[in-house]
Amino acid sequence: LRSRRPIHPRLRTDPPHTPTRKPEKTCVAVGGAVTVEQSRRPRRSPARPAIMAMLLRPSKTLFVTVILLVAIVSCVFVLFETLHVLTSPAQPVGRSFSATRPRGGGGLKIGGVEGLGLYSSPTKTAERSTTTRPETFKVIILTMERLASLKRLVDSLSDSAYGGFGMGGVDLIFHVDRPKTGKDTAAWIETLRWTVENVTWPHGSISTLVANENMGLRKAWLEAWHPESDDDRAIILEDDVTVSPLWYRWVNGAYDAYGHDGGRIAGFSLQRQDLVPLASKTRTSVRVPTNDNEPFLYSLVGSIGFAPNARVWRNFLDWAECAIDNDVDVS
């Protein structure tokens with residue numbers, strides 16, 4: 001039987017005669033000189049027999065259909081996994097997690113927050129025998145001329161429990177910024193004199209660093225700490241906060257347990273997390289759950305009582321320096 005469908009010229013058994021073409025010439029610049037190259041077209045393979053015209057079209061259509069189905073299934077799978085991650089609650093370390101489902105159905109709620117998906121359980125590494133601690137722990141205080149609140153902070157630090165963790169001491173470092181006016185006010189001079197003459201610190205060394213000009217809060221943070229190794233430990237405090245007597249034990253416990261997680265954890269915060277990304281420009285009443293005071297991973301920073309991971313912090317400082325040098329807005 002002969003197919004009534006006309007056979008495409010490219011599928012005939014005897015291809016029609018095609019005149020030979022001369023090789024095309026292409027100009028290429030090499031080292032300032034111009035050379036001429038001839039491009040050769042690959043010879044076409046002999047056309048398939050006419051019977052293949054009936055088999056080629058269905059095979060090509062089936063192949064394209066299979067590719068489209070695979071792509072659709074892959075997209076659906078990725079979307080499902082993304083939604084699963086965004087709606088999965090945090091699993092506290094060392095205990096089971098309980099969640100409640102609201103009445104009348106709906107999504108799973110965790111402490112009143114539905115579908116944030118910003119926190120999960122960190123990987124605990126406290127059992128590692130290779131945990132390396134620095135010789136001293138550094139407490140860095142950013143201040144300028146708020147002497148009353150600075151005294152409250154130092155008093156709370158003095159009342160804290162230190163010792164253990166195999167470190168030689170706790171060094172106290174004051175970073176004193178200058179006023180924006182460029183003039184040394186009486187409040188600034190009094191604050192500076194108090195840090196130098198009146199602070200007693202029996203847990204380690206004490207030092208005061210004074211800025212040559214007004215730095216501002218952002219630059220003060222970027223210049224606060226430059227760790228020398230990945231094992232260094234420090235906490236950065238602004239002068240308007242106070243700390244718990246057990247802060248030192250908690251922070252170093254966090255360093256021991258999670259500080260060697262391959263650089264995945266940027267640091268540890270003493271504050272109760274309250275930063276929530278807004279879905280719109282309007283404020284939201286959504287609050288981050290306390291998670292029964294168990295540690296959890298969170299994708300936003302907690303700047304009040306922040307103890308950076310030295311490795312991540314150094315990479316961040318390098319990035320910030322490069323961004324600022326190239327006039328990138330990092331505010």
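Calculation notes
- Within any chain, residue numbers begin from 1 and follow the written order of that chain's sequence.
- Local features in this predicted model are restricted to residues whose pLDDT is 70 or higher, and side-chain atom pairs enter the listing and the counts only when it is 80 or higher, whereas totals over whole chains, interfaces and linings include all residues.
- Each side-chain value is derived from all of the structure's non-hydrogen atoms; neither hydrogens nor water enter the calculation.
- A fitted line through C-alpha atoms represents every axis, and for helices the fit uses only the stretch in contact; the resulting angles, taken between N-to-C directions, go from 0 to 180 degrees.
- Under the DSSP-based scheme used, a helix requires at least four consecutive residues in state H or I and a strand at least two consecutive residues in state E, with every element numbered from the N terminus.
- Oblique is the label for any angle not covered by the other classes, which are roughly parallel (under 35 degrees), roughly antiparallel (over 145) and roughly perpendicular (65 to 115).
- A contact between two residues is defined here by any heavy atoms of the two lying within 4.5 Å.
- Asp, Glu, Lys and Arg are counted as charged, while Ala, Val, Leu, Ile, Met, Phe, Trp, Tyr, Cys and Pro are counted as nonpolar; the rest, among them Gly, fall into the polar class.
- Definition of nonpolar core: a set of buried residues of the types Ala, Val, Leu, Ile, Met, Phe, Trp, Tyr and Cys, connected through side-chain atoms within 4.5 Å.
- Buried residues are those whose accessible area, probed at 1.4 Å on protein chains only, stays under 20% of the maximum for their type, while exposed residues exceed 50% and partly exposed ones sit between those limits.
- By definition, no residue in a patch forms a salt bridge, and every one has over 30% relative accessible area; like charges are joined within 9 Å, nonpolar side chains (Val, Leu, Ile, Met, Phe, Trp, Tyr) within 5 Å.
- Residue-level accessible areas treat just the shown protein chains as cover; the underlying method is Shrake-Rupley with a 1.4 Å probe.
- We count a salt bridge whenever a side-chain nitrogen from Lys or Arg sits within 4 Å of a carboxyl oxygen from Asp or Glu.
- Side-chain atoms alone can form a polar contact between residues adjacent in sequence; in general such a contact is a pair of N or O atoms within 3.5 Å, and within protein one must be able to donate a hydrogen while the other accepts it.
- For Phe, Tyr and Trp, where Trp contributes only its six-membered ring, two rings pair if their centres lie within 6.5 Å, and the inter-plane angle classes them as stacked under 30 degrees, edge-to-face over 60, or tilted in between.
- Whether a crossover is right-handed comes down to one check: with the strands pointing away from the viewer, does the path from the first strand over the helix to the second run clockwise; if it does, it is right-handed.
- Should DSSP find at least two bridges between two strands, the strands are regarded as paired.
- Confidence per residue, as judged by the predictor, is encoded in pLDDT with a range of 0 to 100.

1. Details of the packing of helix α2 (residues 147-158) against helix α3 (residues 186-197)
Remark: α2 packs on α3, axes separated minimally by 10 Å, with the N-to-C direction vectors making an angle of 20°. As summarised for this structure, α2 and α3 are arranged roughly parallel, according to the angle between their axes. Residues Leu147, Leu150, Lys151 and Val154 of α2 form the contact with α3, whose participating residues are Glu190, Thr191, Trp194 and Thr195. Its residues placed into classes, the contact of α2 with α3 shows four nonpolar, two polar and two charged.

2. Points about the nonpolar core
Counting 34 residues, the largest nonpolar core has Phe137, Val139, Ile141, Leu157 and Trp247 as the members making the most contacts within it. Those elements giving two or more residues to this core turn out to be β6 (136-143), α2, β7 (169-176), α3, β9 (234-238) and α5 (247-258). For this core, the element with the most residues is α5, which contributes seven residues. For isoleucine 141, the contacting residues outside a window of four places in its chain are Leu150, Leu153, Val154, Leu157, Leu172, Ile173, Phe174, His175 and Leu237. One finds Ala220, Ala310, Trp313 and Ala320 within the second-largest nonpolar core, a separate group that totals 14 residues.

3. What to know about a nonpolar patch on the surface
A cluster of nonpolar side chains, namely Phe63, Val64, Ile67 and Leu68, defines an oily patch on the protein surface of about 390 Å² accessible area. With respect to the helices and strands, the residue phenylalanine 63 is situated in helix α1 (residues 52-86). Note on phenylalanine 63: relative accessible area 55%, which makes it exposed.

4. Description of the environment of alanine 161
Inspection of the secondary structure puts alanine 161 in the loop between α2 and β7. Here the alpha-carbon distance between alanine 161 and proline 245, two residues 84 residues apart in the chain, equals 5.9 Å. When sequence neighbours within four positions are dropped, the list of residues in contact with alanine 161 reads Pro245 and Tyr248.

5. Details of the side chain of glutamine 271
Its location among the elements puts glutamine 271 in the loop between β10 (267-269) and β11 (297-298). There is a polar contact of 2.9 Å between the side chain of glutamine 271 and the backbone nitrogen of serine 303. Ignoring anything within four residues of it in the chain, the contact list for glutamine 271 reads Gly302, Ser303 and Ile304.

6. Concerning the environment of phenylalanine 137
Topologically, phenylalanine 137 is positioned in strand β6. For the pair phenylalanine 137 and leucine 172, spaced 35 residues apart in sequence, the C-alpha to C-alpha distance is 8.8 Å. Contact partners of phenylalanine 137, with chain neighbours within four places excluded, come to Met167, Gly169, Val170, Asp171, Arg233, Ala234, Ile235, Trp247, Tyr248, Val251, Asn252 and Tyr255.

7. Thoughts on the packing of aromatic side chains
In the structure shown here, the tally under the stated rule is 11 aromatic pairs. Ring geometry for phenylalanine 137 and tyrosine 248: centres 5.4 Å apart, planes at 80°, overall edge-to-face. Placement of the pair is phenylalanine 137 in strand β6 and tyrosine 248 in helix α5, with a sequence separation of 111 residues. With respect to burial, phenylalanine 137 and tyrosine 248 carry one shared label: buried. Among the aromatic side chains, those forming a connected cluster through ring pairs are Phe137, Tyr162, Phe165, Trp201, Trp247 and Tyr248.

8. So, the pairing of β6
Taking burial as the measure, the eight residues of β6 include six buried ones, the bulk of the element. Crossover connection from β6 via α2 to parallel β7: handedness right-handed. With five bridges joining them, β6 and β9 adopt parallel strand pairing. Its bridge partner being in β9, leucine 142 is matched across the sheet by glutamate 238.

9. Observations regarding unusual backbone geometry
Despite not being glycine, aspartate 327 shows a phi value in the positive range, around 60°. With respect to the element layout, aspartate 327 can be found in the segment after α6 (310-325).

10. As for the confidence of the model for the protein chain
Here the protein chain averages 73 in pLDDT, while 62% of its residues score no lower than 70. Contacts of residues 7-17 to residues separated by more than four positions or lying in other chains number 14 contacts, the stretch itself having pLDDT below 50. In this model residues 25-40 is a low-confidence stretch, pLDDT under 50, and it forms 20 contacts with partners more than four residues away in sequence or in other chains.

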